[in-house]
Amino acid sequence: SQIIKQAQKNNCKIISYGFGEPTVFYEYMDDIIQEGQGIKNIVITNGFIEKDAMRQIAAKTKAVMFDIRSMTEEFYEKICNGKLEPILSAIKTAHNSGTLIEIRMTLIPELHNSFYDIRKIISFILTSLDSNVPLHFIAFNDNAKELAEHARKIAIDAGMNYVYADNIDSDD
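My aim in this report is to walk through the structure given alongside it, one point at a time. (Residues numbered from 1 in each chain as written. Predicted model: local features only at pLDDT ≥ 70, side-chain atom pairs only at ≥ 80, totals over all residues. Heavy atoms only, no water.)

Residues Ile3, Val24, Phe25 and Tyr28 make up a contiguous nonpolar surface patch of roughly 380 Å² in combined accessible area. Considering the arrangement of structural elements, one finds Ile3 in helix H1 (residues 2–9). (Patch = residues over 30% accessible without salt bridge, like charges linked within 9 Å, V, L, I, M, F, W, Y side chains within 5 Å. Areas by Shrake-Rupley, 256 points an atom, 1.4 Å probe, with all protein chains shown as cover. Salt bridge = Lys/Arg side-chain N within 4 Å of Asp/Glu carboxyl O. Helix = DSSP H or I, 4+ residues; strand = E, 2+ residues; numbered from the N terminus.)

Attention shifts here to helix H5 (residues 85–96). With twelve residues, H5 ought to run about 16 Å at 1.5 Å a step, and its terminal C-alpha atoms sit 16 Å apart, in line with that. Here H5 has its buried residues at Ile87, Leu88, Ser89, Ala90, Ile91, Thr93, Ala94 and His95. In this fold, the buried residues of H5 make contact with helix H3 (51–60), strand E3 (63–67), helix H4 (73–78), strand E4 (100–107) and helix H7 (116–128). The positive-phi residue at the C-terminal boundary of H5 is Gly98, with phi of around 95°. (Expected span 1.5 Å × (residues − 1). Buried < 20%, exposed > 50% of the residue type's maximum accessible area, 1.4 Å probe, protein only. Contact = heavy atoms within 4.5 Å.)

This brings us to the packing of aromatic side chains. Under the definition given, this model contains two aromatic pairs. Summarising the aromatic geometry, the rings of Phe48 and Tyr76 are spaced 6.0 Å apart at their centres and angled 65° between planes, so their arrangement reads as edge-to-face. With Phe48 in the loop between strand E2 (40–45) and H3 and Tyr76 in helix H4, this residue pair connects regions lying 28 residues apart in the sequence. Overall, the relative accessible area of 34% leaves Phe48 in the partly exposed class. By relative accessible area, which is 1% here, Tyr76 ends up buried. When the ring of Phe75 is compared with that of Tyr76, the centres are 5.6 Å apart and the planes differ by 80°; the resulting orientation is edge-to-face. (Phe/Tyr/Trp six-rings, centres within 6.5 Å; stacked < 30°, edge-to-face > 60°.)

Set out below in structure tokens:
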């Protein structure tokens, strides 16, 4: 494919599939992965994917980054016209395959000030995955910086080992 030729020409070691939803073009992504033997692949996804397809992706990629918007079914039903449980299942599937996974949650003050979602994602990671799964709290805007810093502290205090408050200038 043209992508593999460009990657090889430019001596790229990694191809990252994101900025959109790569599972929408799963078959094309799979073709690129097959053709580009020796090139590592990273997928950034919202996790709306069937278990079998997630297993296949996880087996062929170096890492999968999952974007979690909320930990409530209501949010996914109203805003995303979907369900939360299949996303959590996809995360578990990728993790159980041995592929490196990371999770990120963009914090929006109007949605996350109660810390419900923050505590739920931390609990999910600690009970269903493990404390070494990296968790990124992304400040949606300047008003969310303090929220992200507080979320990071909650996660570390709960026993998580790799927690980041991104888009924030901090010495930690």
